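What the coordinates show
Take a look at the letters that make up each chain.
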Amino acid sequence: MSGFAPLTDEERAVYEWQIWVPEFGEAGQEKLKNASVLVSRCGGLGSVVAYELAAAGIGKLVIAHAGNVKPSDLNRQLLMTHDWLGKPRVESAERRLKELNPRLEIVAVPENLNEENAEQLVNQVDLIVDCAPLFPERYAMNRQSVLQNKPLIECAMYDLEAQITTFIPGQTGCLSCLFPNDPPAWKREFPVFGAVSGTVGCIAAMEAIKVLSGLGEPLTNQLLMFDLRDMTFRRNTIQRRTNCPVCGT
């Protein structure tokens, strides 16, 4: 977004309760209004991330997701609706987000992020939230995150388990430090409840809000993992690899 736009009276009324949050305030809200985020895929994870960021008052969202809505999307992709079956996912996402926040600027891209479009998509935003299921797409985002010095919120889930971390170029490692190679067992389709992807999606949205506004402490150099079968949470330290081909020195 170009220039700096102060809050309007309408926005102060809409975001009043979160403006009350200590160390956030009106200054934090203005930072969100003037910030932009790329959400790669608006499926089970990305739908929740985009919806929470739209609700929080982010100024611009770039959402990239190919394909049309199908029945199996509806258990978790909360920006998709039954009446939109067979129609493009990004159109459903844009429509639902605009219903929530008509002030939101949306760039809806009807294709998945890839090596050819990653540079151009990342160039439009201040921060990336990776909600993609496959590693080639995630690696493409990661490379552009490092090259363009853009923070990357990295999240994923499987079954009732999920994990999330925040990469900030120059301060942390990157996705290639955590996963040097594409895990051979990782698949496009896997068991999941919408409540699991929604849980990690809300955490990812909060990480984005924190990084953009300067609120709190993001999950840098830490991988948060949780299993909702027994509600166990743990953190592992992520080491930056000096020989990493993407971010190494």
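Residues numbered from 1 in each chain as written. Predicted model: local features only at pLDDT ≥ 70, side-chain atom pairs only at ≥ 80, totals over all residues. Heavy atoms only, no water.

1. Thoughts on the side chain of Ser-176
- Position of Ser-176 among the secondary structure elements: in helix α8 (residues 175–178).
- A relative accessible area of 7% places Ser-176 in the buried class.
- Once residues within four sequence positions are removed from consideration, Ser-176 is found in contact with Tyr-139, Asn-142, Arg-241, Cys-244 and Val-246. (Helix = DSSP H or I, 4+ residues; strand = E, 2+ residues; numbered from the N terminus. Buried < 20%, exposed > 50% of the residue type's maximum accessible area, 1.4 Å probe, protein only. Contact = heavy atoms within 4.5 Å.)

2. So, the pattern of salt bridges
- Overall, the coordinates contain 12 salt bridges when judged by the stated rule.
- Between Lys-33 and Glu-11 there is a salt bridge, with its nearest N and O atoms 2.7 Å apart. Separated by 22 residues along the polypeptide, Lys-33 in helix α3 (residues 25–33) and Glu-11 in helix α1 (residues 9–14) bring together distant segments of the chain.
- Overlapping salt bridges, with partners in common, bring together Asp-9, Arg-12 and Glu-26 in one network. (Salt bridge = Lys/Arg side-chain N within 4 Å of Asp/Glu carboxyl O.)

3. What about unusual backbone geometry?
- Notably, Arg-41 is not glycine yet its phi reads approximately 80°, a positive angle.
- In this structure, Arg-41 sits in the loop between β1 (36–40) and α4 (44–56).
- With a phi angle near 55°, Met-231 is a residue other than glycine that sits in the positive phi range.
- Here Met-231 shows up in the loop between β7 (222–227) and β8 (232–237).
- Assessed through its relative accessible area of 56%, Met-231 is described here as exposed.

4. Quick look at the environment of Pro-169
- With respect to the helices and strands, the residue Pro-169 is situated in the loop between β6 (161–167) and α8.
- Beyond its immediate chain neighbours, meaning those up to four positions away, Pro-169 contacts Ser-145, Val-146, Asn-149, Lys-150 and Pro-151.

5. Observations regarding the pairing of β1
- Within β1, 5 of the 5 residues are buried, leaving the element largely enclosed by the surrounding structure.
- Between the parallel elements β1 and strand β2 (residues 60–64), the chain passes through α4 in a crossover that is right-handed. (Right-handed = clockwise from strand over helix to strand, strands pointing away.)

6. Comments concerning α4
- Taking 1.5 Å as the rise per residue, α4 with 13 residues should run 18 Å; its terminal C-alpha atoms sit 19 Å apart, in good agreement.
- Extensive coverage of α4 is indicated by the burial of 10 of its 13 residues.
- Buried within α4 we find Gly-44, Leu-45, Gly-46, Ser-47, Val-48, Val-49, Ala-50, Leu-53, Ala-54 and Ala-56.
- Directly after α4, the chain includes Gly-57, whose backbone phi takes a positive value near 100°. (Expected span 1.5 Å × (residues − 1).)

7. Observations concerning the packing of α4 against helix α5 (residues 89–100)
- Close contact between α4 and α5 brings their axes to 9 Å; oriented N to C, the two are set at 25°. By the angle between their axes, α4 is roughly parallel relative to α5. Helix-helix and strand crossings are classified by hand; for α4 and α5 the assignment is right-handed. Contact residues: Ala-50, Tyr-51, Ala-54 and Ala-55 in α4; Arg-96, Leu-97 and Leu-100 in α5.
- For the contact of α4 with α5, the class distribution of residues is 6 nonpolar, no polar and 1 charged. (Axes fitted to C-alpha atoms, helices over the stretch in contact; angles between N-to-C directions. Parallel < 35°, antiparallel > 145°, perpendicular 65-115°, else oblique. Left-handed = near helix turned anticlockwise from the far one by under 90°. Nonpolar A, V, L, I, M, F, W, Y, C, P; charged D, E, K, R; others polar.)

Take it as geometry only, folks, not as evidence of what the structure does.
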